Amino acid sequence: LVLSLAWLGPALGDEDKDEEVVEEEEKEKKEDEVLSDEIKEENSVLVLHEHNFARALSEHQLLLVEFYAPWCGHCQQLAPAFAQAATELRNESSPARLGKVDATAQTALATEFGITSYPTLKLFRDGNRTHPLAYTGRMDSQGIVRWMQRRAGPSATLLQDTDTAAAFVNSQDLVVVGFFQDLRGEAAQAFFEVAAEMVDVMFGVAEAAELFQAYGLSADTVCLFKKFDERQTNFPVDPARGLDTAELTRLLRVHSLQLVMEFTNETSNQIFGAKIPHHMLLFLNKSSTEQLSLRDGFRAAAGGFRGEVLFVVVDVTGHGADVLPFFGMTPADAPTLRLVKMENNHKYQMEQDNFSDSAIRTFIQEVLDGKVKPRLLSAEPPEDWDTRPVKVLVGKTFEQVAFDETKNVFVKFYAPWCPHCQAMAAAWEELAERYKDREDIVIAEMDSTANELENITIHGFPTLHYFPAGPGRKMVEYKSTRDVETFSKFLDNGGTLPVEPPVTKTPGNSTGKEDPSVPGTDESRDEL
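Residues numbered from 1 in each chain as written. Predicted model: local features only at pLDDT ≥ 70, side-chain atom pairs only at ≥ 80, totals over all residues. Heavy atoms only, no water.

(A) Inspection of the environment of E366 at higher detail. Structurally, E366 is set in helix α14 (residues 357-368). Given a relative accessible area of 35%, E366 falls into the partly exposed group. Beyond its immediate sequence surroundings of up to four residues, E366 is in contact with K371 and V372. (Helix = DSSP H or I, 4+ residues; strand = E, 2+ residues; numbered from the N terminus. Buried < 20%, exposed > 50% of the residue type's maximum accessible area, 1.4 Å probe, protein only. Contact = heavy atoms within 4.5 Å.)

As structure tokens, then:
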């Protein structure tokens, strides 16, 4: 806007004076509005600032506040869902309300609540502003509504007799019931905490002796009831250790999944949200009766690995077609098996596919025991990979280039679909052009969707790593601003940024430090 006015100024003549007066009046009007503790709404969302924040806390028992930045893409993406959730909660007369704070303008609030990235959501309960609760739910309208409803009312339904218990157990495909002899005891309170977090599952609670007897229990127990696989799974409460909320959550997540999952649009969140460390995948074409029969042996192998390995069937002609490039596969490769180690996305493959349950069990155990090497993807190097200013690396050429002891190698790991990678592409080319005549510096890039490395795991795009010359296979991750001048300072200083003089405080920057989550920094990248 400033640049636009600078260009237009000479042509506008005396009219720009009138605009300045209008702008000044508008500014004064906005300042008057901000100084008031009046609470305005936008699409049912309370618009909050430092002068009305205390009033909002005093008037609303449960207040979920989004701290956002106007330029933040993730905030813009969340806005419609946040507004929809706010409308639903208001329409049902819930004590829970939603509010928002522009953290780039309300720096005092941002500092008070330790806001370092956007969007950040915090729940304030009963007017307490010293210990807000971090939001842990899904970032969609239904997830927000359910998360708030669990905190607005009882997190578990009290079951008082066998009829209400039976009706509750049969009401859903999956429910959890906690049986406790004392609902005010520590174990029951821990159970209520878990129920408040697992908003996608219905929770009930019982203390009546007749219900203990009806379900064959004699001590405090958490029971998972399902209409698939085993119908009832019991998790007894250890009298000495009590009930650990993290462990109970993990057990419920693991046992809530079917023994063998099918990868679909509806199940993908469950599959990846369960946090099971390994996934065993059977790729098949569901239109082939012969291939469908392979599921029997696959299922027979699954029981002994529950919680350690998740078994998943992937239809190569259905929803699973989209993930085939991740494995370097086509539909013609089905049927085939792959095991994925989730912490680093390493993929393991049998020397020759054998679909018997015993062969599958043996293969998995050998992978878990570290006896099988991962199969790493690698594209073929382009013929001109080293003739351009930006050198194009692939899996099979990476080692010889990145760990060349005579070169300092700066590598961009990217994904072709990543908008953040696309945004910095021109800067990377310019950087390479600047250093193309330096014998000791190499600017390179690697498509991490088509190439994998055994000892380097890429979790988001773009990721920038610097490999200094000399022995020792050293690697430095670059985490600063992504522009040519800062890149150059980093390279010219041997892989570190020189110490800069302190930044002068400016309006909207109360810390005197650069905001780590502004566009063009390491914070703005796409996660895998």
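(B) Just the layout of surface pockets, in detail. In this structure, the largest pocket encloses a volume near 1300 Å³. Along its surface, the largest pocket is lined by 33 residues, and M198, D200, V201, R253 and Q270 are the ones closest to its centre. Contributing elements (two or more residues each) for the lining of the largest pocket: α6 (141-152), α10 (245-256), β12 (260-262) and α11 (268-273). With five residues, the top contributor of residues to the lining of the largest pocket is α10. (1 Å grid on protein atoms, 1.4 Å probe; cavity = no way out; pocket = protein on both sides within 12 Å on 5 of 7 lines; lining within 4 Å. Points joined across faces, edges and corners; volume = space filled by probe spheres on them.)

(C) Fine view of empty space enclosed by the protein. Applying the stated criterion to the full structure yields two cavities of 30 Å³ or more. In this structure, the largest cavity encloses a volume near 60 Å³. What lines the largest cavity is simply V254, L257, Q258, L259, I276, A302, R306, G307, V309, L310 and F311. Of the residues assigned to the lining of the largest cavity, the class counts are eight nonpolar, two polar and one charged. A volume near 30 Å³ is recorded for the second largest cavity. If you go around the second largest cavity, the residues you meet are L159, A165, V169, V177, F179, A206, L211, Y215 and F225. Of all the elements in the fold, those that place two or more residues in the lining of the second largest cavity are α7 (162-169) and β8 (174-179). (Nonpolar A, V, L, I, M, F, W, Y, C, P; charged D, E, K, R; others polar.)

(D) Looking closely at the packing of aromatic side chains. With the rule as written, the count across this model stands at 31 aromatic pairs. Taking 5.5 Å as the distance between ring centres and 40° as the angle between the ring planes, the aromatic pair formed by F53 and F113 counts as tilted. One end of the pair, F53, is in helix α3 (residues 53-59); the other, F113, is in the loop between α5 (107-112) and β5 (120-125), and 60 residues separate them in sequence. Classification of F113 by relative accessible area gives buried; the value is 7%. With a centroid separation of 6.2 Å and an interplanar angle of 85°, the aromatic rings of F398 and F403 are classed as edge-to-face. By way of ring pairs, the aromatic residues F410, W428, Y466, Y478, F487 and F490 are connected into one cluster. Across from the ring centre of W147, 3.7 Å away, lies the NZ or CZ of R151, which sits over that ring. (Phe/Tyr/Trp six-rings, centres within 6.5 Å; stacked < 30°, edge-to-face > 60°. Lys NZ or Arg CZ within 6 Å of the ring centre and 35° of its normal.)

(E) Highlighting the sheet that holds strand β19 (residues 441-447). The sheet built from five strands is open, its strands ordered β17-β19-β18-β21-β22 with mixed pairing. Each end of this open sheet is capped by a strand with a single partner; those strands are β17 (390-393) and β22 (476-478). Direction aside, neighbouring strands of the sheet carry axes that sit 30° apart on average. Summarising the sheet, β17 and β19 pair through four bridges and their orientation is parallel. Counterpart to L393 in the pairing with β19 is M446. Against the sheet, helix α17 (residues 484-492) contacts β18 (408-414), β19, β21 (463-467) and β22, and its axis sits at roughly 160° relative to β22. (Pairing = 2+ DSSP bridges. Axes fitted to C-alpha atoms, helices over the stretch in contact; angles between N-to-C directions.)

(F) Representation of the packing of helix α13 (residues 295-302) against α14 within the structure. Relative to each other, α13 and α14 sit at 50°, their axes nearing to 8 Å. Judged on the interaxial angle alone, α14 and α13 are oblique. Between α13 and α14 the crossing geometry is right-handed. Facing G297, F298, A300 and A301 of α13, the residues of α14 in contact are D357, I360 and R361. Of the residues assigned to the contact of α13 with α14, the class counts are four nonpolar, one polar and two charged. (Parallel < 35°, antiparallel > 145°, perpendicular 65-115°, else oblique. Left-handed = near helix turned anticlockwise from the far one by under 90°.)

(G) Molecular detail of the environment of Q61. Looking at where Q61 falls in the secondary structure, it is placed in the loop between α3 and β3 (62-68). Classification of Q61 as partly exposed rests on a relative accessible area of 40%. With 64 residues separating them in the primary sequence, Q61 and R125 have C-alpha atoms 5.6 Å apart.

(H) Representation of the side chain of K347 in the model. Residue position: K347 is located in strand β16 (residues 346-348). With sequence-adjacent residues up to four places away left out, K347 is seen in contact with F326, F327, L339, V340, P374, R375 and E452.

(I) How the structure looks around the packing of helix α4 (residues 73-91) against α6. Orientation of α4 relative to α6, taken along the N-to-C sense of each, is 40°, at an axis distance of 8 Å. Taken together, α4 and α6 sit at an angle that is classed as oblique. Regarding α4 and α6, the two cross each other, and that crossing is right-handed. Here α4 contributes L78, A81, F82, Q84, A85, E88 and L89 to the contact with α6, which in turn contributes S141, I144, V145, M148 and Q149.

(J) Representation of the pattern of salt bridges within the structure. By the definition in use, this model includes 28 salt bridges. Where E41 meets R90, a salt bridge forms, and the shortest distance between an N and an O atom there is 3.3 Å. Linking E41 in strand β1 (residues 40-42) with R90 in helix α4, this pair joins segments that are 49 residues apart in sequence. Accessibility expressed as a relative area gives 38% for R90, which makes it partly exposed. Where salt bridges share partners, they join K226, D229, E230, R299 and R306 into one cluster. (Salt bridge = Lys/Arg side-chain N within 4 Å of Asp/Glu carboxyl O.)

Taken by themselves, the reported measurements are silent on function.
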